[in-house]
Amino acid sequence: MNSETQITFFLNLPSPLGTLHLESDGEALTCVLFEGEQTKHPQGVTLEEAPQLPVFVAARAWLSRYFEGHNPGTPPPVRPQGTPFQLSVWQRLLTIPYGSTTTYGALAAYLAAHNASGRMSAQAVGQAVGRNPISIIIPCHRVIGADGTLTGYAGGLDKKTFLLNLERGVQPCAND
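Quick look at the structure, then. (Residues numbered from 1 in each chain as written. Predicted model: local features only at pLDDT ≥ 70, side-chain atom pairs only at ≥ 80, totals over all residues. Heavy atoms only, no water.)

## Overview of the sheet that holds strand β1 (residues 6-13)
At step 1: Strand order in this open sheet of four strands is β3-β2-β1-β4, and the pairing throughout is mixed. This sheet does not close on itself; its edge strands, each paired only once, are β3 (29-34) and β4 (45-49). Each adjacent strand pair in this sheet contributes to an overall mean axis angle of 25°, direction not counted.
At step 2: On top of the sheet, helix α1 (residues 54-67) reaches β1, β2 (20-24) and β3; it is set at about 145° to β2, its chief contact. (Pairing = 2+ DSSP bridges. Helix = DSSP H or I, 4+ residues; strand = E, 2+ residues; numbered from the N terminus. Axes fitted to C-alpha atoms, helices over the stretch in contact; angles between N-to-C directions. Contact = heavy atoms within 4.5 Å.)

Right under this line is the structure:
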């Protein structure tokens, strides 16, 4: 291996929503993707399967509790890569309580008030939410439209509905 090679660790994990693809830098999760979603790696990155990596052990336990319909508690360490604005949005998503939702507008208002920017576009917040690389654990599925409708979700609205119903204690139908 040359000095240019960087290792990204991965784990493919079965879930009720299909296989989840988890990646880590060795210490924290860097992505959780649904089956069929792709991540781009810079040149020189080598993927190495590492199911016993401590962060994957913690993520597996967290996701197991989650999919059993329990509040899984503190998430495993995460380190998403994004712009400072995206990181601020994703950090705020981590504060949305299990079983609760918020709106894009409420997120924008909060971020504007706490960043001294005066105003922030709900559309810009929506774009950042949509680029969340760590699905489920950074709970972008808990963000809904101002009128209560479910809006875009990288994994699909069926997965967003499943996750919100799971958190509300609603059992999925046999056909879901």
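## Side note on the pattern of salt bridges
At step 1: Counted according to the given criterion, the structure contains three salt bridges.
At step 2: The salt bridge partner of Glu167 is Arg142, with a shortest N-O separation of 2.8 Å. On the criterion of sequence distance, the pair formed by Glu167 in helix α5 (residues 157-168) and Arg142 in the loop between α4 (122-130) and β6 (143-144) is long-range, its members being 25 residues apart. The residues Glu167 and Arg142 share a single accessibility class, namely buried. (Salt bridge = Lys/Arg side-chain N within 4 Å of Asp/Glu carboxyl O. Buried < 20%, exposed > 50% of the residue type's maximum accessible area, 1.4 Å probe, protein only.)

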